[in-house]
Amino acid sequence: MILGVALDGPSPAVVAVGDGAPPSQAVRACVAVDLDGMPRAPVAAIRVGGPCPPVLRPVADPGVATIVRGGHSLTGRPLAPLDTGAVREFAAGCGLVDFAVTATGSPMLADHELAVAAIIAAEVPAARITLSYEFGRPGLREREAHAIRNAALGPEAGRIADRVARELPGVPVFFARTGSGLVSAHYFRRFPRACDRGGTTSLRRGRAALATADVPAPFQVIESAGEDLLAAAYGAALARPEAQVERIVQARGRAELDRALQDARDEALTRVVSAGAAPGFARIAETTVNPLSYLPDGFYRVRVTAEGATP
């Protein structure tokens, strides 16, 4: 028994997919929700890098933002020592608990983002911290925007996860990702940005499955709040845990590239287990490697997707 749940306001649509057993015997609940329009928390955004024109400065709306000295080039070369004093002063004085940290060069070397996170945690023990390197995009402003949005959605994601847990006590809960796949409630709380358009994705999947089924779909409606919500709930129930890792790596020859790829695959497998896959059923679904033409020879953009089955 798998429950599909589509959230849209106070009345969720719920479908049971499987053998008709009661919801109390559900193996898991798969939730479809779009986060557009959800309340966003004010974010304290820290960019680690050099000065820039006002139009290119980080924007946290709502929230506050600053730039501190430090960062690396995309080849891993240090650009400046990290200004730990500026980080400490900003963290202690901003009055916020949701932080987004973006350092230049972090897809290649994340040391300064990790150092900033340690300072924030020491100054603001209740801080929730998003690091941009975890999103993998090579472009600074794209990574920064992802990190800020992720931090802004964190508190609301926690409230949504709490609500589902109250409505389905004792049932393991998963959330639909944007694009494909599921993540655990724990992963959703930490990386809600991955599920930004989970409802839209699930609706598309559900409509396609229902339109192409040769026999009646094996599901029963428990509670319905509209045809689209029922289809989105069904689409969520069809998905599997998934996680991705994207990095810039340097490799001088095939042996070094193979080691870098294995590291990325190991990290992707770890992430998909964190996203809810059973360890013995996690596997690498896709690996792409692209040389970076705008960097010296030996630099590659690596993207690994892992997927798995739930316990």
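What counts, and where the lines are drawn
Residues numbered from 1 in each chain as written. Predicted model: local features only at pLDDT ≥ 70, side-chain atom pairs only at ≥ 80, totals over all residues. Heavy atoms only, no water. Helix = DSSP H or I, 4+ residues; strand = E, 2+ residues; numbered from the N terminus. Rg over C-alpha atoms; globule rule 2.2 N^0.38 Å. Buried < 20%, exposed > 50% of the residue type's maximum accessible area, 1.4 Å probe, protein only. Core = buried A, V, L, I, M, F, W, Y, C linked by side-chain atoms within 4.5 Å. Contact = heavy atoms within 4.5 Å. Arc of directions from axis to C-beta. Axes fitted to C-alpha atoms, helices over the stretch in contact; angles between N-to-C directions. Parallel < 35°, antiparallel > 145°, perpendicular 65-115°, else oblique. Nonpolar A, V, L, I, M, F, W, Y, C, P; charged D, E, K, R; others polar. Phe/Tyr/Trp six-rings, centres within 6.5 Å; stacked < 30°, edge-to-face > 60°. Lys NZ or Arg CZ within 6 Å of the ring centre and 35° of its normal. Pairing = 2+ DSSP bridges. Salt bridge = Lys/Arg side-chain N within 4 Å of Asp/Glu carboxyl O.

Student: Kindly report on the overall build of the chain, identifying the contributing residues and their values.
Tutor: Scanning the chain from terminus to terminus reveals seven helices and 13 strands. Expected size for 311 residues packed as a compact globule is a radius of gyration near 19 Å; at 21 Å, the chain falls within 12% of this value. Taking the principal axes of the C-alpha coordinates as reference, the chain spans close to 60 × 50 × 30 Å. Burial status across the chain gives 51% buried among its 311 residues.

Student: Describe the nonpolar core, with residues and values.
Tutor: Residues Phe-175 and Phe-188 are the most contacted members of the largest nonpolar core, which totals 40 residues. Put simply, the parts of the chain that give this core at least two residues each are β1 (2-6), β3 (28-32), α3 (140-167), β8 (173-176), α4 (185-190), β11 (242-250), α7 (254-274) and β13 (299-307). Broken down by element, this core gets its largest block of residues, six residues, from α7. Non-local contacts of Phe-188, meaning those with residues more than four positions away in its chain, are made with Leu-35, Ala-157, Ile-160, Ala-161, Phe-175, Val-183 and Cys-195. In terms of nonpolar packing, the next biggest core, distinct from the first, is built from 22 residues, Val-87, Leu-96, Phe-99 and Ala-103 among them.

Student: Mind laying out helix α1 (residues 84-93), listing which residues take part and the relevant values?
Tutor: Given 3.6 residues to a turn, an α-helix orients residues that are three or four positions apart in the same direction. Looking only at α1, the buried set comprises Val-87, Phe-90 and Ala-91. For α1, the arc enclosing every buried residue in end-on projection is 95°, short of the 170-degree limit, so these residues lie on one face. Exposed residues lying more than 90 degrees from the buried face of α1 are Glu-89, Ala-92 and Gly-93. For α1, the secondary structure elements touched by its buried residues are β4 (43-48), β5 (63-68), β6 (98-103) and α2 (111-123). Positioned one or two residues after α1, Gly-95 has a phi angle of 75°, which is positive.

Student: How would you explain the packing of helix α5 (residues 198-212) against helix α6 (residues 227-237) if you had to name every residue and give the values?
Tutor: At their nearest, the axes of α5 and α6 sit 6 Å apart, and the two run at 90° to each other. Relative to α6, α5 is oriented roughly perpendicular. Seen from α5, the contacting residues are Gly-199, Ser-202, Leu-203, Arg-205, Gly-206, Arg-207, Ala-209 and Leu-210; seen from α6, they are Asp-228, Ala-231, Ala-232, Tyr-234, Gly-235 and Ala-236. Considered class by class, the residues forming the contact of α5 with α6 number seven nonpolar, four polar and three charged.

Student: Explain the packing of aromatic side chains to me, using residue names and the numbers behind them.
Tutor: Within this structure, the stated rule accounts for three aromatic pairs. Measuring from centroid to centroid gives 3.9 Å for Phe-175 and Phe-188, while their planes differ by 5°, and the two rings are stacked. Residue Phe-175 is found in strand β8, and its partner Phe-188 is found in helix α4; the two are separated by 13 residues along the sequence. Residue Phe-175 shares its accessibility class with Phe-188, and that shared class is buried. One Lys or Arg, Arg-271, reaches over the ring of Phe-191 and ends 5.9 Å from the middle of that ring.

Student: Talk me through the side chain of Thr-130; I want residue IDs and the actual numbers.
Tutor: Positionally, Thr-130 belongs in strand β7 (residues 128-131). Leave out the neighbours within four places in its chain, and Thr-130 touches Phe-99, Ala-100, Val-101, Phe-135, Ala-147, Asn-150 and Ala-151.

Student: Give a description of the sheet that holds β11 that names residues and reports values.
Tutor: Taken together, three strands build an open sheet; the order of strands is β11-β13-β12 and the sheet is antiparallel. Pairing within the sheet leaves two strands with one partner each, and these edge strands are β11 and β12 (283-291). Neighbour-to-neighbour, the strand axes of this sheet turn through a mean angle of 15°, independent of strand direction. Note that β12 and β13 share eight bridges and pair antiparallel.

Student: How would you explain the pattern of salt bridges if you had to name every residue and give the values?
Tutor: According to the stated counting rule, one finds 21 salt bridges in the structure shown. Close ionic contact of Asp-36 with Arg-149 constitutes a salt bridge, the shortest N to O distance being 3.2 Å. Separated by 113 residues along the polypeptide, Asp-36 in the loop between β3 and β4 and Arg-149 in helix α3 bring together distant segments of the chain. Under the relative-accessibility criterion, Asp-36 is labelled partly exposed at 44%. With a shortest N-O distance of 2.9 Å, Arg-254 and Asp-258 are connected by a salt bridge. Linking Arg-254 with Asp-258, this pair stays in helix α7, spanning four residues, or about one helical turn.

Student: Report on the sheet that holds β4, specifying residues and quantitative values.
Tutor: The strand order β5-β4-β6-β7 describes an open sheet built from four strands, whose pairing is parallel. Each edge of the open sheet is held by one strand with a lone partner, namely β5 and β7. Across this sheet, the average inter-strand angle for adjacent strands is 20°, counted without regard to direction. Bridge count between β6 and β7: four bridges; the pairing is parallel. What sits directly across from Phe-99, in β7, is Ile-129. Across the sheet, α2 is in contact with β4, β6 and β7; its angle to β6 comes to roughly 155°. Packed onto the sheet, α3 meets β4, β6 and β7 and runs at close to 165° relative to β6.

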